[in-house]
Structure formats: C-alpha cells, structure tokens
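A closer look at the structure
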Amino acid sequence: MLVPSHRLPGSRNERDPSGALVANATVILTEPATDVSRRTTTNTAGIYRFDAVDLGTYVVEVQAPGFRTLRKSGLEVQAARQLEVDFALNVGGGS
C-alpha cells in the first residue's frame, strides 16, 4: 500500500498461488524520475507498508526466495489518496 507524501501506508498482502500469505518478501519502491528506491519486508501476515512517500509515479517490485520476482509500474501516488498494491507471487526462480 502506498500513501502519498507524508503518509504512504503501503500495506498490502503478498500471496502465493495457493492463496497463502508470503512473509519476509522484499518489497522495493522506486521512483524512476529520481532513481531513488526504498525497501521494506512483508510481515508474518504478508503485509508491507511505505510511509511518507512523495507524490509521483512509482514502480513496486516484490522478491522472495522460491518465487518469481514481480514488478508493477506506472503507479501514481496522489495527494490525499492511499494506493494499495497487491501481488500474487508465482513459484519459481528468476523474474
């Protein structure tokens, strides 16, 4: 979940193909315009959150051992809006 500048509750669930939650996945938030990235890790419930995200367009990538890396781009963080980004991770290596 991404929350605009000053608060980006970027908490969303990461799940495997069976619907099980994926804990300890690495989530990377990148703003392509500045090439600045931030990282966090999903908790035991598969939830992640980014706070104090500036307004703009972002890419979110999720990596977890035993799963393919997934990426979503063109995500717009807007004023006074919370952005929720879920991923369904697929078993396998690579991206």
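Coordinates for the structure precede this section.
Residues numbered from 1 in each chain as written. Predicted model: local features only at pLDDT ≥ 70, side-chain atom pairs only at ≥ 80, totals over all residues. Heavy atoms only, no water.

**Structural notes on the side chain of Glu61**
- Turning to its location among the elements, Glu61 is positioned in strand β6 (residues 56-63).
- A relative accessible area of 11% means that Glu61 is categorised as buried.
- In terms of polar contacts, Glu61 uses its side chain to reach the side chain of Gln63, at 2.6 Å.
- In terms of polar contacts, Glu61 uses its side chain to reach the side chain of Arg71, at 2.4 Å.
- If we skip the residues at most four places from it in the chain, Glu61 touches Thr26, Val27, Ile28, Thr69, Leu70 and Arg71. (Helix = DSSP H or I, 4+ residues; strand = E, 2+ residues; numbered from the N terminus. Buried < 20%, exposed > 50% of the residue type's maximum accessible area, 1.4 Å probe, protein only. Polar contact = N/O pair within 3.5 Å; in protein donor to acceptor, adjacent residues only side chain to side chain. Contact = heavy atoms within 4.5 Å.)

**Looking at the pairing of strand β3 (residues 26-31)**
- Of all 6 residues in β3, 5 are buried, a share of seventy percent or more.
- Note: β3 against strand β4 (residues 36-41), 6 bridges, orientation antiparallel. Its bridge partner lying in β4, Leu29 is registered against Arg38.
- Linking β3 back to β4 in an antiparallel pair, the connection comprises 4 residues, with Asp35 at a positive phi of about 60°.
- Judged from the 5 bridges that link them, β3 and β6 form a sheet pairing that is antiparallel. Pairing of Leu29 across the sheet is with Val60, part of β6. (Pairing = 2+ DSSP bridges.)

**Comments concerning the packing of aromatic side chains**
- Applying the stated rule across the entire model yields 1 aromatic pair.
- Here Tyr48 and Phe50 contribute two aromatic rings whose centre-to-centre distance is 6.0 Å and whose plane-to-plane angle is 70°, an arrangement assigned as edge-to-face. Neither residue differs from the other here; Tyr48 and Phe50 are each classed as buried.
- Looking at Lys72, its charged tip hangs above the ring of Phe87, at a distance of 4.8 Å from the centre. (Phe/Tyr/Trp six-rings, centres within 6.5 Å; stacked < 30°, edge-to-face > 60°. Lys NZ or Arg CZ within 6 Å of the ring centre and 35° of its normal.)

**Focus: the environment of Arg49**
- Looking at the element boundaries, Arg49 is found in the loop between β4 and β5 (50-53).
- The partly exposed category is assigned to Arg49, whose relative accessible area is 32%.
- For the pair Arg49 and Arg39, spaced 10 residues apart in sequence, the C-alpha separation works out to 9.8 Å.
- Separated by 2.8 Å, the side chains of Arg49 and Asp51 make a polar contact.

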